[in-house]
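Take a look at the letters that make up each chain.
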Amino acid sequence: PDASGDLTRAIEAIERALTLNPRNVIACYQGADVSEQLARWRQEHGQDPEPDLERALALYRRGRDINPKLPQLHNGLGAALLWQDLVEAARKEG
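To start, this report covers the structure provided alongside it.

Rules and cut-offs
- Residues numbered from 1 in each chain as written.
- Predicted model: local features only at pLDDT ≥ 70, side-chain atom pairs only at ≥ 80, totals over all residues.
- Heavy atoms only, no water.
- Core = buried A, V, L, I, M, F, W, Y, C linked by side-chain atoms within 4.5 Å.
- Buried < 20%, exposed > 50% of the residue type's maximum accessible area, 1.4 Å probe, protein only.
- Helix = DSSP H or I, 4+ residues; strand = E, 2+ residues; numbered from the N terminus.
- Expected span 1.5 Å × (residues − 1).
- Contact = heavy atoms within 4.5 Å.
- Phe/Tyr/Trp six-rings, centres within 6.5 Å; stacked < 30°, edge-to-face > 60°.
- Lys NZ or Arg CZ within 6 Å of the ring centre and 35° of its normal.
- Axes fitted to C-alpha atoms, helices over the stretch in contact; angles between N-to-C directions.
- Parallel < 35°, antiparallel > 145°, perpendicular 65-115°, else oblique.
- Left-handed = near helix turned anticlockwise from the far one by under 90°.
- Nonpolar A, V, L, I, M, F, W, Y, C, P; charged D, E, K, R; others polar.
- Salt bridge = Lys/Arg side-chain N within 4 Å of Asp/Glu carboxyl O.

Residues Leu18, Leu53 and Tyr60 are the most contacted members of the largest nonpolar core, which totals 22 residues. If you list the elements that add at least two residues to this core, you get helix H1 (3-20), helix H2 (25-44), helix H3 (50-66) and helix H4 (71-93). Here the element with the most residues in this core is H2; it accounts for 7 residues.

What follows is the structure, given as structure tokens:
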């Protein structure tokens, strides 16, 4: 199976949904989640996760700005920020 291809196609579909409805908070959340999954996949396979992680953070923030009462967006954002710190710390060490 081509996990990175599946995740990339999912992101493309979510981006199309957000083009049609930029205030679709569910698409923001799903896009952030899939982007974070792709970033983790890339890191596990020796690739740079940063572009996907940055997209995840931007989508979590966008969704939070649309509806700040959804705890999933705050939780996802916090977890992604923590993971970003870990990635940066690993880069500095290695």
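A word on H3. In this model H3 runs 24 Å from its N-terminal to its C-terminal C-alpha over 17 residues, within 8% of the 24 Å that 1.5 Å per residue would give. Residues of H3 that are buried include every one of Glu50, Asp52, Leu53, Ala56, Leu57, Leu59, Tyr60, Gly63 and Ile66, and no others. Those residues of H3 that are buried lie in contact with H1, H2 and H4.

To continue, consider the packing of aromatic side chains. Aromatic ring pairs are described here by two measures, namely the spacing of the ring centres and the angle between the planes. Counted according to the given criterion, the structure contains 1 aromatic pair. When the ring centre of tryptophan 83 is taken as origin, the NZ or CZ atom of arginine 40, which lies over that ring, is 4.3 Å away.

Two numbers describe how H2 lies on H3: the axes approach to 8 Å, and their chain directions differ by 160 degrees. Between H2 and H3, the crossing angle belongs to the class labelled roughly antiparallel. For H2 against H3, the interelement crossing comes out left-handed. Side by side, H2 and H3 meet where Val25, Cys28, Tyr29, Gly31, Ala32, Asp33, Ser35, Glu36, Leu38, Ala39 and Arg42 of the first sit next to Asp52, Leu53, Arg55, Ala56, Leu59, Tyr60, Arg62, Gly63 and Ile66 of the second. Of the residues belonging to the contact of H2 with H3, the class tally is 11 nonpolar, 3 polar and 6 charged.

Let us look at the pattern of salt bridges. Evaluated as defined, the whole model comprises 7 salt bridges. With its nearest N and O atoms 2.5 Å apart, the salt bridge here joins arginine 9 to aspartate 6. Of the two residues, arginine 9 and aspartate 6 are both situated in helix H1; the distance of 3 residues between them amounts to about one turn of the helix. Overall, arginine 9 belongs to the partly exposed group, its relative accessible area being 45%. With its nearest N and O atoms 2.5 Å apart, the salt bridge here joins arginine 42 to aspartate 52. Residue arginine 42 is found in helix H2, and its partner aspartate 52 is found in helix H3; the two are separated by 10 residues along the sequence.

Relative to the elements of secondary structure, alanine 58 occurs in helix H3. Look at alanine 58 and you get partly exposed, because its relative accessible area is 45%.

Now for the side chain of glutamine 84. When you line up the elements, glutamine 84 lands in helix H4. On the basis of relative accessible area, glutamine 84 is assigned to the buried category, the value being 10%.

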